[in-house]
Amino acid sequence: MATLEIAACSRWYGNVVAVNDVTMTIGPGITGLLGPNGAGKSTLIHMLGGFLPPSTGTVTLDGAAIWKNQGAYRTIGLVPEREATYDFLTGRQLAVASAELHGLPDAGAAAARAIATVEMGDAQDRKIGEYSKGMKQRIKMASALVHDPAVLLLDEPFNGMDPRQRLHLIALLRSMGAEGRTVLFSSHILEEVEQLAHQIEVIVAGRHAASGDYREIRRLMTDRPHQYTITSSDNRVLASALVADGSTAGVSLDGATLRVQATEFLAFAELLPRVARDAGVRLYEVSPADESLESVFSYLVTA
Ligand SMILES: Nc1ncnc2c1ncn2[C@@H]1O[C@H](COP(=O)(O)OP(=O)(O)OP(=O)(O)O)[C@@H](O)[C@H]1O
């Protein structure tokens, strides 16, 4: 059982404070690190993975500082966010290279086991440059798993995955959490984190904004409306139908875009197609406006 501790930790890049006086404990099971873009999630994960030293404060694994600690590196697997890998290598070559870097006695066997875990056996001898985004994520994951780490850190692992790959990764992370590993993954999408994490840590503008069970955090967030931007065959008709329905907190027309504030995320997801159909309007695009998540986070910061 491995426990990560971040204590009064800050990290600057020149004048930019990326992580600001954060204290948190991450124990076995699955923890979701949630925060808007630029919140400091990658910086935190890099410090936890021993890629980056904190400017002040400490980051420890079972009481021992992680930075420049070989024992910690042997216990931690890190799946970075960036997509770029060594495109000229095959998936298997990358996993074997990672196993060799860890000094494993049988690098070939360790790589084969990790590749099987992420179900990349069929594609292992193809060049990584030919992989889809989701396959790249999986082979990066295999490289991070070669040494069977007790701690797995993943930076935005669902980016670029199709629904099937997403379900596969969810199942894989669940089984790792159930085995008692310490799994931390970052995301800026609340619903993604909700599905998977038993514990959520929220970070906003470098600060630790909330911590706990997702249901508790969700309850805090329902006080704030969720914003959507919508394009449709007739935004004006849709806007008046939504206002007439009374379940939306606010509607505004902004050029070709309709902005809607919904009080309840799930209820609105059900309501919108029904209202549009009844009004004879076709929906072209519905996207959650990122700022809404950000405003929810800022609400948590000031709560
Ligand atoms: N190498 C760097 N040099 C300078 N500033 C940096 C560097 N890396 C990150 N930052 C800044 O630190 C802050 C936190 O960045 P970080 O990448 O940790 O956030 P994030 O939550 O992972 O964001 P995203 O989801 O967009 O990846 C941002 O303001 C970013 O611009």
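Residues numbered from 1 in each chain as written. Predicted model: local features only at pLDDT ≥ 70, side-chain atom pairs only at ≥ 80, totals over all residues.

To continue, consider the overall build of the protein chain. Within the protein chain, the secondary structure is distributed over 11 helices and 14 strands. When burial is assessed residue by residue, the protein chain has 41% of its 303 residues classed as buried. Counted over contacts in the protein chain with a minimum sequence separation of 6, partners at least 24 positions apart contribute 69%. (Helix = DSSP H or I, 4+ residues; strand = E, 2+ residues; numbered from the N terminus. Buried ≥ 20, exposed ≤ 12 C-beta atoms within 10 Å, placed from the backbone. Contact = placed C-beta atoms within 7 Å.)

Turning our attention to the site of the ligand. As a matter of local geometry, the ligand sits amid 13 residues, with Tyr13, Ala18, Lys41, Ser42 and Thr43 nearest to it. Elements with a contribution of two residues or more to the shell around the ligand: strand 2 (16-26) and helix 1 (41-48). Here the element with the most residues in the shell around the ligand is helix 1; it accounts for 3 residues. Of the residues contributing to the shell around the ligand, the split by class is 4 nonpolar, 7 polar and 2 charged. (Near = placed C-beta within 6 Å. Nonpolar A, V, L, I, M, F, W, Y, C, P; charged D, E, K, R; others polar.)

This part is about the domain arrangement of the protein chain. For the protein chain, the assigned domains read domain 1 (4-220) and domain 2 (224-302). Averaged C-alpha coordinates put domain 1 and domain 2 at centres separated by 33 Å. (Domains from an automatic or database assignment.)

In this section: the sheet that holds strand 3 (residues 29-34). Pairing is mixed in the open sheet, where 6 strands are placed in the order 6-7-8-3-9-10. Both outer strands of the open sheet, strand 6 (76-79) and strand 10 (207-212), are each paired with one neighbouring strand and no more. Shown here is a sheet whose adjacent strand axes are inclined to one another by a mean of 15 degrees, direction ignored. Two strands pair when backbone bridges link them, and strand 6 and strand 7 (residues 151-154) are joined in this way by 4 bridges, in the parallel orientation. Directly across from Leu78, in strand 7, lies its bridge partner Leu153. With respect to the sheet, helix 5 (residues 133-145) is in contact with strand 6 and strand 7, its orientation differing from that of strand 6 by roughly 165 degrees. Across the face of the sheet, helix 6 (residues 163-178) comes into contact with strand 3, strand 7 and strand 8 (182-187) while running at roughly 145 degrees to strand 8. (Pairing = 2+ DSSP bridges. Axes fitted to C-alpha atoms, helices over the stretch in contact; angles between N-to-C directions.)

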